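Here is what each chain is made of, one letter per residue.
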Amino acid sequence: MREQYRTTPLLEKDLAPAPTDQFARWFKEAVAGDLHEPNAMVVATATPDGRPSSRTVLLKAYDDRGFVFFTNYTSRKSGEIGSNPFVSLLFPWHPMARQIIVTGTAARTGRDETAAYFRTRPHGSQLGAWASDQSSPIASREELLHRYDELASRYPEDERVPVPPQWGGYRVRPETVEFWQGHENRLHDRLRYVRDGDGDGGWRVERLCP
(Lines give C-alpha, C1' and ligand atoms only; values in the text may rest on other atoms or scores of the structure.)
Protein backbone atom coordinates (compact mmCIF):
# COMPACT_ATOMS: atom_id res chain seq x y z
CA MET A 1 0.00 0.00 0.00
CA ARG A 2 1.55 3.25 -1.14
CA GLU A 3 0.47 6.82 -1.50
CA GLN A 4 2.23 9.73 -3.16
CA TYR A 5 2.01 12.83 -0.96
CA ARG A 6 1.57 16.00 -2.98
CA THR A 7 1.85 18.95 -0.66
CA THR A 8 3.42 22.40 -0.29
CA PRO A 9 7.09 22.40 0.76
CA LEU A 10 7.89 23.32 4.36
CA LEU A 11 10.71 25.88 4.28
CA GLU A 12 12.79 27.35 7.07
CA LYS A 13 11.84 30.90 6.12
CA ASP A 14 8.17 30.12 6.66
CA LEU A 15 8.54 28.78 10.22
CA ALA A 16 7.42 30.68 13.32
CA PRO A 17 10.22 31.76 15.70
CA ALA A 18 9.16 29.30 18.41
CA PRO A 19 7.83 25.74 18.08
CA THR A 20 4.64 26.42 20.05
CA ASP A 21 3.77 29.20 17.60
CA GLN A 22 4.37 26.86 14.67
CA PHE A 23 2.32 24.18 16.43
CA ALA A 24 -0.52 26.67 16.84
CA ARG A 25 -0.46 27.36 13.08
CA TRP A 26 -0.62 23.69 12.14
CA PHE A 27 -3.15 22.85 14.84
CA LYS A 28 -5.46 25.59 13.56
CA GLU A 29 -5.16 24.16 10.04
CA ALA A 30 -5.86 20.64 11.34
CA VAL A 31 -9.02 21.85 13.08
CA ALA A 32 -10.11 23.78 9.99
CA GLY A 33 -9.49 20.64 7.91
CA ASP A 34 -12.02 18.69 10.01
CA LEU A 35 -9.49 16.11 11.16
CA HIS A 36 -10.99 13.70 13.65
CA GLU A 37 -9.66 14.59 17.11
CA PRO A 38 -6.62 16.59 15.99
CA ASN A 39 -5.63 16.88 19.67
CA ALA A 40 -5.13 13.10 19.87
CA MET A 41 -1.46 12.30 20.40
CA VAL A 42 0.58 9.18 21.04
CA VAL A 43 2.49 9.41 24.33
CA ALA A 44 5.55 7.16 24.51
CA THR A 45 7.22 6.42 27.84
CA ALA A 46 9.86 3.95 28.96
CA THR A 47 11.00 2.13 32.06
CA PRO A 48 14.43 2.96 33.54
CA ASP A 49 15.88 -0.05 31.69
CA GLY A 50 14.51 1.19 28.36
CA ARG A 51 11.37 -0.91 27.82
CA PRO A 52 8.96 1.37 25.92
CA SER A 53 5.19 1.65 25.92
CA SER A 54 2.83 3.97 24.07
CA ARG A 55 -0.83 4.97 24.06
CA THR A 56 -3.10 7.67 22.63
CA VAL A 57 -4.24 10.50 24.91
CA LEU A 58 -5.83 13.88 24.28
CA LEU A 59 -3.90 17.14 24.42
CA LYS A 60 -5.80 19.55 26.67
CA ALA A 61 -3.60 22.65 26.68
CA TYR A 62 -0.36 24.01 25.29
CA ASP A 63 1.71 27.15 25.63
CA ASP A 64 5.36 28.17 25.83
CA ARG A 65 5.75 25.98 28.94
CA GLY A 66 4.75 22.79 27.16
CA PHE A 67 1.97 20.35 26.25
CA VAL A 68 -0.57 19.20 28.86
CA PHE A 69 -2.58 15.99 29.21
CA PHE A 70 -4.45 14.40 32.12
CA THR A 71 -4.47 10.84 33.39
CA ASN A 72 -4.63 8.58 36.41
CA TYR A 73 -1.45 8.81 38.48
CA THR A 74 -1.63 5.06 39.18
CA SER A 75 -1.51 4.19 35.46
CA ARG A 76 1.38 2.52 33.70
CA LYS A 77 2.37 5.73 31.93
CA SER A 78 2.47 7.62 35.23
CA GLY A 79 4.57 4.93 36.87
CA GLU A 80 7.06 5.07 34.02
CA ILE A 81 7.15 8.88 34.03
CA GLY A 82 7.80 8.77 37.77
CA SER A 83 10.95 6.74 37.27
CA ASN A 84 11.96 8.07 33.85
CA PRO A 85 10.57 11.52 32.94
CA PHE A 86 11.74 11.48 29.32
CA VAL A 87 8.78 11.13 26.95
CA SER A 88 7.84 11.56 23.31
CA LEU A 89 4.60 12.89 21.83
CA LEU A 90 3.41 12.18 18.29
CA PHE A 91 0.57 13.94 16.48
CA PRO A 92 -0.22 11.71 13.45
CA TRP A 93 -2.19 13.91 11.07
CA HIS A 94 -2.26 11.43 8.17
CA PRO A 95 -4.97 13.12 6.01
CA MET A 96 -2.72 16.21 5.82
CA ALA A 97 0.49 14.17 5.37
CA ARG A 98 1.81 15.80 8.52
CA GLN A 99 3.32 14.70 11.80
CA ILE A 100 4.57 16.61 14.82
CA ILE A 101 7.03 14.85 17.11
CA VAL A 102 7.89 16.29 20.52
CA THR A 103 10.60 15.00 22.85
CA GLY A 104 11.08 16.34 26.36
CA THR A 105 10.45 15.75 30.03
CA ALA A 106 7.11 15.37 31.82
CA ALA A 107 6.21 16.74 35.24
CA ARG A 108 2.93 16.89 37.14
CA THR A 109 0.82 20.02 36.91
CA GLY A 110 -0.26 21.80 40.09
CA ARG A 111 -3.44 20.68 41.84
CA ASP A 112 -5.13 24.02 41.14
CA GLU A 113 -4.58 23.54 37.40
CA THR A 114 -5.80 19.95 37.63
CA ALA A 115 -8.95 20.97 39.54
CA ALA A 116 -9.72 23.77 37.09
CA TYR A 117 -9.61 21.35 34.17
CA PHE A 118 -11.52 18.61 36.04
CA ARG A 119 -14.44 21.03 36.49
CA THR A 120 -14.73 21.39 32.70
CA ARG A 121 -15.13 17.63 32.13
CA PRO A 122 -18.59 16.15 31.52
CA HIS A 123 -20.20 14.71 34.65
CA GLY A 124 -19.83 11.16 33.34
CA SER A 125 -16.13 11.63 32.66
CA GLN A 126 -15.65 12.94 36.19
CA LEU A 127 -17.26 9.79 37.56
CA GLY A 128 -15.19 7.65 35.20
CA ALA A 129 -11.99 9.08 36.67
CA TRP A 130 -13.06 7.69 40.04
CA ALA A 131 -14.41 4.37 38.72
CA SER A 132 -11.31 3.31 36.80
CA ASP A 133 -8.11 2.32 38.57
CA GLN A 134 -6.31 2.75 35.28
CA SER A 135 -3.92 0.01 34.09
CA SER A 136 -4.74 -2.34 36.97
CA PRO A 137 -6.46 -5.71 36.32
CA ILE A 138 -10.24 -5.97 36.80
CA ALA A 139 -12.38 -9.10 36.84
CA SER A 140 -14.99 -7.99 34.30
CA ARG A 141 -16.63 -5.08 32.54
CA GLU A 142 -19.63 -5.61 34.79
CA GLU A 143 -17.48 -4.78 37.81
CA LEU A 144 -16.37 -1.54 36.18
CA LEU A 145 -19.96 -0.59 35.37
CA HIS A 146 -21.02 -1.45 38.91
CA ARG A 147 -18.39 0.92 40.28
CA TYR A 148 -19.65 3.65 37.96
CA ASP A 149 -23.30 3.10 38.93
CA GLU A 150 -22.43 3.36 42.61
CA LEU A 151 -20.66 6.64 41.98
CA ALA A 152 -23.56 7.93 39.88
CA SER A 153 -25.89 7.24 42.82
CA ARG A 154 -23.55 9.01 45.23
CA TYR A 155 -22.96 12.01 42.95
CA PRO A 156 -26.04 12.79 40.81
CA GLU A 157 -25.85 15.31 37.98
CA ASP A 158 -26.54 18.29 40.21
CA GLU A 159 -23.88 17.41 42.81
CA ARG A 160 -20.24 18.44 42.67
CA VAL A 161 -17.80 15.58 42.10
CA PRO A 162 -14.53 15.95 44.05
CA VAL A 163 -11.26 15.75 42.14
CA PRO A 164 -9.72 12.28 42.61
CA PRO A 165 -6.40 12.54 44.49
CA GLN A 166 -4.90 9.90 42.16
CA TRP A 167 -5.81 11.83 39.00
CA GLY A 168 -4.15 14.86 37.44
CA GLY A 169 -2.13 16.43 34.70
CA TYR A 170 1.31 16.26 33.18
CA ARG A 171 3.08 19.01 31.29
CA VAL A 172 5.67 17.94 28.75
CA ARG A 173 8.42 20.53 28.47
CA PRO A 174 9.80 20.19 24.94
CA GLU A 175 13.48 19.84 24.16
CA THR A 176 12.91 19.16 20.45
CA VAL A 177 9.84 19.65 18.25
CA GLU A 178 9.89 18.21 14.74
CA PHE A 179 7.47 19.24 11.99
CA TRP A 180 7.18 16.57 9.30
CA GLN A 181 5.54 17.30 5.95
CA GLY A 182 5.13 14.46 3.49
CA HIS A 183 6.05 14.80 -0.19
CA GLU A 184 6.11 12.60 -3.27
CA ASN A 185 8.98 10.20 -3.84
CA ARG A 186 9.45 10.10 -0.04
CA LEU A 187 11.40 13.39 -0.18
CA HIS A 188 9.70 14.66 2.95
CA ASP A 189 10.45 17.88 4.83
CA ARG A 190 11.61 17.42 8.42
CA LEU A 191 12.35 20.64 10.29
CA ARG A 192 13.25 20.26 13.96
CA TYR A 193 13.42 22.94 16.64
CA VAL A 194 16.14 22.24 19.23
CA ARG A 195 16.60 24.16 22.48
CA ASP A 196 19.84 26.13 22.59
CA GLY A 197 22.36 25.77 25.39
CA ASP A 198 21.06 24.72 28.80
CA GLY A 199 17.41 25.09 27.76
CA ASP A 200 16.90 28.68 28.96
CA GLY A 201 17.80 30.24 25.63
CA GLY A 202 16.05 30.28 22.31
CA TRP A 203 15.60 27.69 19.60
CA ARG A 204 17.60 26.69 16.57
CA VAL A 205 16.15 24.88 13.58
CA GLU A 206 17.80 22.01 11.75
CA ARG A 207 16.67 20.17 8.63
CA LEU A 208 16.76 16.37 8.77
CA CYS A 209 17.04 13.98 5.85
CA PRO A 210 13.79 12.11 5.28
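Parameters and conventions
- Residues numbered from 1 in each chain as written.
- Predicted model: local features only at pLDDT ≥ 70, side-chain atom pairs only at ≥ 80, totals over all residues.
- Heavy atoms only, no water.
- Helix = DSSP H or I, 4+ residues; strand = E, 2+ residues; numbered from the N terminus.
- Buried < 20%, exposed > 50% of the residue type's maximum accessible area, 1.4 Å probe, protein only.
- Contact = heavy atoms within 4.5 Å.
- Areas by Shrake-Rupley, 256 points an atom, 1.4 Å probe, with all protein chains shown as cover.
- Lys, Arg positive; Asp, Glu negative; His and termini not counted.
- Charge placed at Lys NZ, Arg CZ, Asp CG, Glu CD.
- Core = buried A, V, L, I, M, F, W, Y, C linked by side-chain atoms within 4.5 Å.
- Salt bridge = Lys/Arg side-chain N within 4 Å of Asp/Glu carboxyl O.
- Pairing = 2+ DSSP bridges.
- Expected span 1.5 Å × (residues − 1).
- Arc of directions from axis to C-beta.

Considering the overall build of the chain
Stage number 1. When helices and strands are tallied, the chain shows five helices and nine strands.
Stage number 2. Starting at the N terminus and walking to the C terminus, you meet the elements of the chain as α-β-β-β-β-α-β-β-α-α-α-β-β-β.
Stage number 3. Its C-alpha atoms give the chain principal-axis dimensions of about 55 × 40 × 35 Å.
Stage number 4. Split into buried and exposed, the 210 residues of the chain put 41% on the buried side.
Stage number 5. Residue pairs at least 24 apart in sequence account for 63% of intrachain contacts in the chain once pairs closer than 6 positions are excluded.
Stage number 6. With the model as given, the accessible surface of the chain reaches about 11800 Å², and the carbon-plus-sulfur share is 52%.
Stage number 7. Counting 28 positive and 29 negative side-chain charges, the chain places the averaged centre of each group 2 Å from the other.

Details of the nonpolar core
Stage number 1. If you look at the biggest cluster of nonpolar residues, it comprises 30 residues, and the most contacted ones within it are Phe23, Met41, Phe69, Trp93, Ile100 and Phe179.
Stage number 2. Among the elements of the structure, α1 (19–32), β1 (40–46), β4 (66–72), β5 (86–93), β6 (98–108), β7 (167–181) and β8 (189–195) are those that each provide at least two residues to this core.
Stage number 3. Setting aside chain neighbours within four positions, we find Phe23 in contact with Leu59, Tyr62, Phe67, Phe91, Trp93, Ile100 and Phe179.
Stage number 4. If you look at the next biggest cluster of nonpolar residues, it comprises twelve residues, including Leu127, Ala129, Ala131 and Tyr155.

Details of the pattern of salt bridges
Stage number 1. Counting across every chain of the model gives 14 salt bridges.
Stage number 2. The partner of Glu143 in a salt bridge is Arg147, and the shortest N-O contact between them spans 3.2 Å. Remark: Arg147 and Glu143 occur in helix α5 (residues 141–154); sequence separation between them is four residues, near one turn of the helix.
Stage number 3. A relative accessible area of 31% places Glu143 in the partly exposed class.

With respect to the pairing of β6
Stage number 1. Judged from the eight bridges that link them, β5 and β6 form a sheet pairing that is antiparallel. From the neighbouring strand, Val87 faces β6, where its bridge partner is Gly104.
Stage number 2. The hairpin formed by β5 and β6 contains four residues between the paired strands, and Ala97 there has a positive phi angle of roughly 55°.
Stage number 3. Relative to β7, β6 runs antiparallel, the two sharing eleven bridges. Directly across from Ile101, in β7, lies its bridge partner Glu178.

Let's talk about α1
Stage number 1. For α1, spanning 14 residues, the distance from its first C-alpha to its last is 20 Å, which sits close to the expected 20 Å at 1.5 Å a residue.
Stage number 2. At the C-terminal side of α1, Asp34 shows a positive phi close to 60°.

Description of helix α2 (residues 76–83)
Stage number 1. Of all the positions in α2, only Lys77, Ser78, Glu80 and Ile81 are classed as buried. Taken down its axis, α2 places every buried residue within 165° of arc, on the same side.
Stage number 2. Contacts from the buried residues of α2 go to β1, β2 (52–58), β4, β5, β6 and β7.

Some remarks on unusual backbone geometry
Stage number 1. The backbone of Glu37 shows a phi angle near 45°, a positive value even though the residue is not glycine.
Stage number 2. Tracing the sequence through the fold places Glu37 in the loop between α1 and β1.
Stage number 3. Among the residues examined, Glu37 registers a relative accessible area of 40% and is labelled partly exposed.
Stage number 4. Here the phi dihedral of Asn185 falls at roughly 60°; this positive angle occurs in a residue that is not glycine.
Stage number 5. Examined against the element boundaries, Asn185 turns out to sit in the loop between β7 and β8.

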